Amino acid sequence: EVGEVIDHVDADIAWQRHPVPRFYGFKSYASFPLILSDGSFYGTLCAIDPEPRLISNAATVATIEGFANDVTTILSAKLCAAPESISASASRPQAG
């Protein structure tokens, strides 16, 4: 599990001119993948802040990774344990 952590967009050469931080107005960012128990990619757990923050330290990264693991555990229990209920709900006609 590899995440992306940026303490200060303006100090990170890869992100200084990237349009996404400008569009959303964030200066610090963290994102960690959510990989379900069946190995499928669900999405990411992200945190953004309009101010620069020191979030790349080991304790903060471990905390956010822990949150991502907790979310993955919950999602896996709901989505991977009963695939028949997911396929049944997916086959229902949608409004609109």
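Note: the structure precedes this text.
Residues numbered from 1 in each chain as written. Predicted model: local features only at pLDDT ≥ 70, side-chain atom pairs only at ≥ 80, totals over all residues. Heavy atoms only, no water.

Draft legend 1. Representation of the sheet that holds strand β1 (residues 4-6). What the three strands build is an open sheet, ordered β1-β2-β3; its pairing is antiparallel. The strands lining the two open edges of the sheet, one partner per strand, are β1 and β3 (41-49). The sheet shows a mean angle of 15 degrees between the axes of neighbouring strands, direction not considered. Here β1 runs beside strand β2 (residues 28-35); their pairing, made up of three bridges, is antiparallel. Within β2, the position partnered with Glu 4 by the bridge is Ser 31. (Pairing = 2+ DSSP bridges. Helix = DSSP H or I, 4+ residues; strand = E, 2+ residues; numbered from the N terminus. Axes fitted to C-alpha atoms, helices over the stretch in contact; angles between N-to-C directions.)

Draft legend 2. Structural detail: the packing of aromatic side chains. Under the definition given, this model contains three aromatic pairs. Note on Trp 15 and Tyr 29: the rings are 6.2 Å apart at their centroids and 40 degrees apart in plane angle, and the pair reads as tilted. Remark: Tyr 29 occurs in strand β2 and Trp 15 occurs in the loop between β1 and α1 (19-24); sequence separation between them is 14 residues. Ring geometry for Phe 23 and Tyr 24: centres 4.8 Å apart, planes at 90 degrees, overall edge-to-face. Given the relative accessible area of 66%, Phe 23 is considered exposed. An aromatic cluster is present here, built from Trp 15, Phe 26 and Tyr 29 joined pairwise through their rings. (Phe/Tyr/Trp six-rings, centres within 6.5 Å; stacked < 30°, edge-to-face > 60°. Buried < 20%, exposed > 50% of the residue type's maximum accessible area, 1.4 Å probe, protein only.)

Draft legend 3. The pattern of salt bridges, seen in detail. Taken as a whole and assessed by the stated rule, the structure comprises two salt bridges. For the salt bridge of Asp 49 with Arg 53, the shortest nitrogen-to-oxygen distance reads 2.8 Å. (Salt bridge = Lys/Arg side-chain N within 4 Å of Asp/Glu carboxyl O.)

Draft legend 4. Structural view of helix α2 (residues 58-79). Between its first and last C-alpha, α2 extends 31 Å over 22 residues, near the 32 Å set by a 1.5 Å rise per residue. Taken residue by residue, α2 has Val 61, Ile 64, Ala 68, Thr 72, Leu 75 and Ser 76 as its buried positions. Considered in projection along α2, the buried side chains sweep an arc of 115 degrees and stay on one side of the axis. Set apart from the buried face of α2 by more than 90 degrees, the exposed residues are Ala 59, Thr 73, Ile 74, Ala 77 and Lys 78. Where α2 is buried, its residues contact β1, β2 and β3. (Expected span 1.5 Å × (residues − 1). Arc of directions from axis to C-beta. Contact = heavy atoms within 4.5 Å.)

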